[in-house]
Amino acid sequence: MANAASGMAVHDECKLRFLELKAKRTHRFIIFKIEEKQKQVVVEKVGEPTQSYDDFTASLPADECRYAVYDFDFVTAENCQKSRIFFIAWSPDTSRIRNKMIYASSKDRFKRELDGIQVELQATDPTEMGLDVIKSRAN
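The following refers to the structure shown. Because the structure is predicted, anything quoted here is derived from the model rather than measured.

This part is about the pairing of strand E6 (residues 81-90). Alignment of strand E5 (residues 66-75) against E6, held across ten bridges, turns out to be antiparallel. Looking across to E6, one finds that Val69 is bridged to Phe87. The loop that links E5 with its antiparallel partner E6 comprises five residues; one of these, Asn79, has a positive phi angle of about 70°. Handedness of the crossover is the feature at issue here: the chain leaves E6, passes through helix H3 (residues 97-113), returns alongside strand E7 (residues 119-123), and the resulting connection is right-handed.

So, on to helix H1 (residues 12-24). With 13 residues, H1 ought to run about 18 Å at 1.5 Å a step, and its terminal C-alpha atoms sit 17 Å apart, in line with that. Of the surrounding elements, those touching the buried residues of H1 are strand E2 (9-10), strand E3 (29-35), strand E4 (40-47), E5, E6 and H3. Where H1 terminates, the next one or two residues include Arg25, which has phi positive at roughly 55°.

Turning to the nonpolar core, a few remarks are in order. One finds Phe32, Tyr67, Val69 and Phe110 to be the most contacted residues of the largest nonpolar core, which totals 20 residues. Sequence-distant contacts of Phe110, that is, excluding residues within four places in its chain, are made with Val10, Cys14, Phe32, Val41, Tyr67 and Phe87. By size, the runner-up hydrophobic cluster in this structure holds 18 residues, among which are Leu60, Phe74, Phe86 and Trp90.

This paragraph deals with the environment of Pro61. By the secondary structure assignment, Pro61 is in the loop between helix H2 (53-58) and E5. For Pro61, a relative accessible area of 18% translates into the label buried. Here the alpha-carbon distance between Pro61 and Ser91, two residues 30 residues apart in the chain, equals 9.8 Å. Sequence-distant contacts of Pro61, that is, excluding residues within four places in its chain, are made with Arg66, Trp90 and Pro92.

Rules behind the numbers
Residues numbered from 1 in each chain as written. Predicted model: local features only at pLDDT ≥ 70, side-chain atom pairs only at ≥ 80, totals over all residues. Heavy atoms only, no water. Pairing = 2+ DSSP bridges. Helix = DSSP H or I, 4+ residues; strand = E, 2+ residues; numbered from the N terminus. Right-handed = clockwise from strand over helix to strand, strands pointing away. Expected span 1.5 Å × (residues − 1). Contact = heavy atoms within 4.5 Å. Core = buried A, V, L, I, M, F, W, Y, C linked by side-chain atoms within 4.5 Å. Buried < 20%, exposed > 50% of the residue type's maximum accessible area, 1.4 Å probe, protein only.

So, in structure tokens, the structure goes:
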């Protein structure tokens, strides 16, 4: 297990699932949660390749922070099929201050564990990570 600067460890399953998403494309998204009692980041939910962006956003809690990775497929103006791996730091305004602080202080260290992230988003409400935002950041 890797050690995070904030004292949060990163469970090996986090890196394993991310590698599966990146290399084998066996997942559409992964949602990560900090287990405060165990002081580590763990996988909370994994999305099937057939699941949509709406399925992904519906999986994020309305009042708790999470980290998430989303594999976004799109077609360029030149008609090329492409994919971008997004890292999303979900920190809703309604979450507890302590929760926000723990996630904020652990984010950079955790992100470094996931080699291959192409775009990062910080979102405090659903409009900041709408599909239109994802599409505009993908190019």
